[in-house]
Amino acid sequence: MISGPARHKTLISWSSGKDSAWLVHTIRTTMPEYDVCALLTTINRDADRVAMHAVRTEVLEAQAEALGLPVWKVPIPSPCPNDVYERAMGAAVARAVAEGFTHVAFGDLFLEDVRKYREEKLAGSGLTPIFPLFGSDTAALAQTMVATGLRARITCLNPKHLDRSFAGREFDAQLLFDLPPDIDHCAERGEFHTCAYAGPMFAHPIPIETGIVVERDGFVFTDLTLKAHR
């Protein structure tokens, strides 16, 4: 029996949002040389939620289950000094290398400084960064996500850039139509963040419901919870 070429054991930088979900879908469907084996997520250790997106860890775990992947949680304080963040991520990188991972995939779209930072920090670590979505036309990408069945909800927004009324809205064709012209359709500059809950990358939809909307630390957050079993 002749075996095929070895596949690269790959870690996914997972934010819980639409870009991370599309990243998994892209690798699994178009990049067979990479074997997606785990998710890596930073967690606000005080709130027990995904950092920045503020998604509850129970929703994160439901996403991981629907993806068929383990999730590595990296607890960090909030606010988090950069040196603390880098030590925490350094430990996660060391674990990945020790467990045979060779690559880590990021869902960055066009911010060159962010990509350069990741590349510099991972240089010589034994873990090679890849950026499968980088350089995408974000307006076209957003349309493709929606058309392909990706479902997500806005869980955090920056009110300096986007009106509070967008909090909790579905990432769908109507949202893309309603976004102000100066807002990137994939929100690559941090205008808003999402929580993905359905799509071709998931074995089944994650049953979420929208809770309260609160403003904290200059951002507007929508609390998403798992629907209780009836």
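Refer to the preceding data block for the structure.
The sections below set out a description of the structure shown in this document. (Residues numbered from 1 in each chain as written. Predicted model: local features only at pLDDT ≥ 70, side-chain atom pairs only at ≥ 80, totals over all residues. Heavy atoms only, no water.)

Let's talk about the packing of aromatic side chains
By the definition in use, this model includes four aromatic pairs. Each ring, one from Phe 219 and one from Phe 221, has its centre 6.3 Å from the other, and the planes form 50°; the classification is tilted. The partly exposed category is assigned to Phe 219, whose relative accessible area is 23%. On the basis of relative accessibility, which here comes to 11%, the residue Phe 221 falls in the buried class. Each member of the aromatic cluster is reached from another via a ring pair, and the members are Phe 106, Phe 131 and Phe 134. When the ring centre of Trp 72 is taken as origin, the NZ or CZ atom of Arg 95, which lies over that ring, is 3.7 Å away. Sitting over the ring of Phe 221, Arg 216 keeps its end group 4.5 Å from the ring centre. (Phe/Tyr/Trp six-rings, centres within 6.5 Å; stacked < 30°, edge-to-face > 60°. Buried < 20%, exposed > 50% of the residue type's maximum accessible area, 1.4 Å probe, protein only. Lys NZ or Arg CZ within 6 Å of the ring centre and 35° of its normal.)

As for the state of the cysteines
Tallied over the entire structure, the rule returns zero disulfides. With no disulfide partner, Cys 80 has as its closest neighbouring cysteine sulfur the one in Cys 156, 16 Å distant. Judged by relative accessible area, which is 27%, Cys 80 ranks as partly exposed. Sulfur of Cys 186: no disulfide; nearest cysteine sulfur belongs to Cys 195 and is 16 Å away. (Disulfide = S-S within 2.5 Å.)

Side note on the environment of Pro 32
Along the polypeptide, Pro 32 turns up in the loop between helix H1 (18–30) and strand S2 (34–44). In this structure Pro 32 comes out as exposed when scored by relative accessible area, which is 55%. Residues Pro 32 and His 8, 24 residues apart in the sequence, show an inter-C-alpha distance of 9.1 Å. Other than its neighbours up to four places away in sequence, Pro 32 contacts Arg 7 and Ile 27. (Helix = DSSP H or I, 4+ residues; strand = E, 2+ residues; numbered from the N terminus. Contact = heavy atoms within 4.5 Å.)

Description of the packing of H1 against helix H5 (residues 138–147)
Where H1 contacts H5, the axes come no closer than 12 Å and their chain directions differ by 75°. By the criterion of interaxial angle, the relationship of H1 to H5 is roughly perpendicular. Contacts between H1 and H5 involve Lys 18, Asp 19 and Trp 22 from the former and Leu 141, Thr 144 and Met 145 from the latter. Along the lines of polarity and charge, the residues of the contact of H1 with H5 split into three nonpolar, one polar and two charged. (Axes fitted to C-alpha atoms, helices over the stretch in contact; angles between N-to-C directions. Parallel < 35°, antiparallel > 145°, perpendicular 65-115°, else oblique. Nonpolar A, V, L, I, M, F, W, Y, C, P; charged D, E, K, R; others polar.)

Digging into the sheet that holds strand S8 (residues 192–198)
Pairing in this open sheet of four strands is antiparallel, and the strands run S8-S7-S10-S9 from one edge to the other. Of all the strands in the sheet, the pair left with one neighbour each is S8 and strand S9 (208–216). With direction set aside, neighbouring strand axes in the sheet form an average angle of 30°. Of the strand pairs in this sheet, strand S7 (residues 151–157) and S8 are connected by six bridges, and their pairing is antiparallel. For Ile 154, the partnering residue across the bridge sits in S8 and is Thr 194. Running at roughly 60° to strand S10 (residues 219–226), helix H2 (residues 57–67) makes contact with S8, S9 and S10 of the sheet. (Pairing = 2+ DSSP bridges.)

Considering the side chain of Arg 153
Mapped onto the fold, Arg 153 is located in strand S7. Among the residues examined, Arg 153 registers a relative accessible area of 13% and is labelled buried. Of the polar contacts made by the side chain of Arg 153, one reaches the side chain of Glu 170; its length is 2.6 Å. Looking at Arg 153, its side chain comes within polar contact range of the side chain of Thr 210, at 2.9 Å. In this structure, Arg 153 is in contact with Gly 168, Arg 169, Glu 170, Phe 171, His 193, Thr 194, Cys 195, Tyr 197, Ile 208, Glu 209, Thr 210 and Leu 224, ignoring residues within four places of it in sequence. (Polar contact = N/O pair within 3.5 Å; in protein donor to acceptor, adjacent residues only side chain to side chain.)

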